[in-house]
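The residues making up each chain are set out below.
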Amino acid sequence: MDVDVDALEPALLPSRIQMAFTLAYHVLLVPLGVALPSLTLLMEGIGIYRKDPVALKIARRWSVVMAVQFAVGAVTGTILSFEFGILWPRLMGRFGAAMGLGFAIEGWAFFLEAIFIGIYLYGWNRLRPRTHFLLGLVLPPAGLLGAFGVLASNSFMNTPGGVTLGANGQVTDVDVMGALFTRALGHEFWHFLVALYLTAGFMVASVYAVAWLRGRRDHYQRLAFAVPFTVAALLTPWQLLIGDLAARAMAEDQPQKFAAMEITWQTRDHNPEVVLGLIDDQGEIHLGLSIPALDSILVGYSPNTTVRGLSAFPADARPTTVEANITHLAFDTMVGLGSVGAALSVWYLWVIWRRRRLPDSSWFYRLAALAGVGAYVCVEAGWITTEVGRQPWIVYDTMRVSEAVTDAPASFVWSMLAALVVVYGVIAYFFITLLLRLSARWKREDLREEAPEVGVPYGPRSGKFETGA
Amino acid sequence: MPDLIAFVLLLAITAYSTAGGVDFGAGIWDLMAGNSPRGREARALIDHAMAPVWEVNNVWLVLAIVLTWTGFPILFQQVFSSLYPLFTFALLGLVLRGAFFAFRHVAEEPRAHRIADVVFGLSSLLTPFFFAASLGAIASGHLVPFSPMSVAFGLVSLAATAFSGASFLVGDARRYGAPELVVHFQRRTVVAAAALIAVGTFALGVIWWQAPDLLRSMLAGKGLPFALATMILTPLATFLIWRGIFRWYRVLTVAAVGSMVFAWAFAQSPYLVPGQLTISQAIAPPPTQVLLLVVAAVVVLVIGPAMGLLYYLDQRSALESPES
């Protein structure tokens, strides 16, 4: 099928916006989707082991949040899989046999999660505590598997491998392992997985940091704060290390993206590290703080290391100036906030280690209350870095975004985007309303006992069924 | 091996048509129930009966799509490049349905609650209609989104989901000991079955007109056993429900709807798009096929039992809050 690329251009912009919008939305649901089950099980385990009813109560409440947010994620995830066809039919038409493999594996994970979240949420009453806990243990590996599948596919887009291409660019042979485990997978997987766990930890803990600031200081608050925050604090320093490895691998494997992240224009040694700042079409840097030779040192441990710049690549094979600036600012945001998070973690671990108790400084809790949102900003920024930085490629150095886009008229895609924005807005409104309501009810409920799932629209068993009412 | 993968894909589509169909059918009856006291009771049952498994059904859909793009990349590209409007409407239905199912639990004002009910019900019509319409467009061999074939398939799907939804709601009403609702949904099963038979006959006429080859192999070729099965099982299941013989009727309902999907798929095999694209033309390279079969085997070996466990616990009412 002959394709006139120019004729496809119109739908390109709305398709990119739609994909960015729906993915940015979905990625917000991922940290709690993948990591909250582990935190919940940890809490349940503590409750069973120490015979602590408070821990069990916390675990049960978290499981409700987990289920509601899984339901939203299931819907937005289904939309995403269809968008591959509606917006980018040629991507899968050409690379589906290789890139689709990761998604096939993710399919298992989705199955297992959907089944076991149902069992876990609705099994609190009737299953024996140990049975309930053991059935729940399926959830963390399922989340891990799902993350692996999606990241294997994304890594394929960043560093394609394991495929033999025919004369017309069609995939003629696939090396399954090579296509699943491409070069980027190693660091992408660990970087993202750790990000999910520490984001979930900070987010959950931040709720109880707010409770501390409002004066709640009981066993419930301490436990619900300490468990997730400890998980996050133990992981954050590692994330700096993994991130550093990832950046260095990027300099090697995806030089255009790395040049955009660091807004490097000329290929050179003694390359400075630019903090913030913007680059223009002539390669001039405006604003920002330039630290001499630091970029070269970070990449190759020596100021003499040569780092490739944007101008080393043809203009149509590297991010545009605007894209480079977006990538750079997103990258700096991620690194900056990540460093603050690491400092906060060290503060926390120091207090725990030296004084054997939780911090009692209001400033600590103010920062901890912001850490949840900060971690989410980091996740978004990291995602923007890798996706915008890959432009103009949908499969790095192999297939352009403009080659993959749909034939649908732009007006169609714009309309679909408008409808999705409205519907996603409605979903966000319901989701937040619901969480606030749950929180309010749980506060009331602490005065008078009531089962946490009551009134939750996750599923069906929530409402009381009456006949002849 | 390519045929086996096509068969796995067919199984995923069938699972979504039957399990998802029951779910969407319940949504259709929810819409029809109206706002009378009896209607509200019926809706309360529907709400309650959409078991804790309600989003497991989405998984079949995702599985089908993943199998298509990995196993038959060219089919995926062709189908989505031409039929995107159908998929967009189906998806819209899917999101609205999920959102408003949740919303009607949150809504406190009666008016907002009523709006949520209506949107939920209407979106339950959109999704089965448009997904089936896309199958109709494929079956016609022309991949044109809006054609007599796509409309005919869409209508059959609506009738089939209404039928299977009502049949399963009879079972739910029995389980929760609501005899008036049993009668309520018994009647509706019969009405839906009549509609299904009428629309099905009409659809056969449309196929005869638009794709005579497909009809031939449906009624005189590989599709025949399944076409016969659906023609026998639909009235049989309806008869059992009508006479109040509450045994096997749900299995027969699923078999009737499943056979219908099989009849279409087997009739057009070995074509994925009749006259245009065969299974062997579209299949991915052999290593990918092997991996897909491994994936399918794991689904059967690991996820099968897990799903069994879910249904088992659900049926034993091990998954309920103390209040319900």
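Keep in mind that this is a model prediction, so the values were computed, not measured. (Residues numbered from 1 in each chain as written. Chains lettered and ligands numbered in written order. Predicted model: local features only at pLDDT ≥ 70, side-chain atom pairs only at ≥ 80, totals over all residues. Heavy atoms only, no water.)

### With respect to the overall build of chain B
Scanning chain B for helices and strands turns up 12 helices and 2 strands. Counting from the amino terminus, helix and strand elements in chain B follow one another as α-α-α-α-α-α-α-α-α-α-β-β-α-α. A compact globule built from 324 residues would reach a C-alpha radius of gyration of about 20 Å, and chain B, at 20 Å, matches this within 12%. Once the C-alpha set of chain B is aligned to its principal axes, its extents read approximately 55 × 40 × 40 Å. Put simply, chain B has 324 residues, and 62% of those count as buried. Within chain B, residue pairs in contact and separated by at least 24 positions form 77% of the contacts whose partners lie at least 6 positions apart. Both charge centroids of chain B, one from 17 positive and one from 15 negative side chains, sit 9 Å from each other. (Helix = DSSP H or I, 4+ residues; strand = E, 2+ residues; numbered from the N terminus. Rg over C-alpha atoms; globule rule 2.2 N^0.38 Å. Buried < 20%, exposed > 50% of the residue type's maximum accessible area, 1.4 Å probe, protein only. Contact = heavy atoms within 4.5 Å. Lys, Arg positive; Asp, Glu negative; His and termini not counted. Charge placed at Lys NZ, Arg CZ, Asp CG, Glu CD.)

### Thoughts on the environment of Gly-39 of chain B
As for its position among the elements, Gly-39 of chain B is in helix α2 (residues 37-49). Setting aside residues no more than four positions away along its own chain, Gly-39 of chain B makes contact with Ala-33 and Gly-34 of chain B.

### Here we look at helix α12 (residues 362-388) of chain A
Spanning 27 residues, α12 of chain A covers 38 Å between terminal C-alpha atoms, matching the ideal 39 Å at 1.5 Å per step. Looking at where α12 of chain A begins, the residue whose side-chain oxygen comes 3.1 Å from the main-chain nitrogen of Trp-363 of chain A is Ser-361 of chain A. (Expected span 1.5 Å × (residues − 1). Polar contact = N/O pair within 3.5 Å; in protein donor to acceptor, adjacent residues only side chain to side chain.)

### Focus: a nonpolar patch on the surface
A grouping of Val-275, Leu-276, Leu-278, Leu-289, Ile-291 and Leu-329 of chain A is seen on the molecular surface, where their side chains present a nonpolar patch of about 450 Å² in accessible area. Position of Leu-276 of chain A among the secondary structure elements: in the loop between β3 (273-275) and β4 (278-279). (Patch = residues over 30% accessible without salt bridge, like charges linked within 9 Å, V, L, I, M, F, W, Y side chains within 5 Å. Areas by Shrake-Rupley, 256 points an atom, 1.4 Å probe, with all protein chains shown as cover. Salt bridge = Lys/Arg side-chain N within 4 Å of Asp/Glu carboxyl O.)

### Comments concerning the nonpolar core
Among the nonpolar cores identified, the biggest contains 184 residues, and Trp-88, Leu-91, Phe-225 and Phe-229 of chain A together with Phe-72 of chain B are the most heavily contacted of them. Per element, the largest residue contribution to this core is 22 residues, and it comes from helix α3 (residues 89-122) of chain A. Among the nonpolar cores identified, the runner-up in size contains 50 residues, and Ala-26, Phe-153, Ala-178 and Leu-233 of chain B belong to it. (Core = buried A, V, L, I, M, F, W, Y, C linked by side-chain atoms within 4.5 Å.)

### Things to note about helix α6 (residues 148-175) of chain B
Helical geometry note: an α-helix holds 3.6 residues per turn, so side chains three or four residues apart project in the same direction. Residue and element names in this part refer to chain B. If you check α6, its first and last C-alpha atoms are 41 Å apart, about what 28 residues at 1.5 Å a residue would give, namely 40 Å. Of all 28 residues in α6, 21 are buried; the element is thus mostly enclosed. Just beyond α6, the residue with positive phi is Gly-177, at close to 60°.

### Let's talk about the confidence of the model for chain B
Residue and element names in this part refer to chain B. Scored by pLDDT, chain B comes out at a mean of 84, with 93% of its residues at no less than 70. Within chain B, α6 carries the highest mean pLDDT (89), whereas α2 carries the lowest (79). Scored as a complex, the prediction yields pTM 0.86 and ipTM 0.85. (pLDDT = per-residue confidence, 0-100.)

### As for the packing of aromatic side chains
If you walk through the whole model with that rule in mind, you get 45 aromatic pairs over all chains. Here Trp-212 of chain A and Tyr-365 of chain A contribute two aromatic rings whose centre-to-centre distance is 4.0 Å and whose plane-to-plane angle is 15°, an arrangement assigned as stacked. One end of the pair, Trp-212 of chain A, is in helix α7 (residues 185-213); the other, Tyr-365 of chain A, is in helix α12, with 153 residues separating them in the sequence. On the basis of relative accessible area, Trp-212 of chain A is assigned to the buried category, the value being 8%. You can call Tyr-365 of chain A buried: its relative accessible area is 1%. Ring geometry for Phe-239 of chain B and Trp-242 of chain B: centres 6.4 Å apart, planes at 70°, overall edge-to-face. Taken together, the residues span about one helical turn, with Phe-239 of chain B and Trp-242 of chain B both in helix α9 (residues 224-242) at a distance of 3 residues. On the basis of relative accessibility, which here comes to 56%, the residue Trp-242 of chain B falls in the exposed class. (Phe/Tyr/Trp six-rings, centres within 6.5 Å; stacked < 30°, edge-to-face > 60°.)

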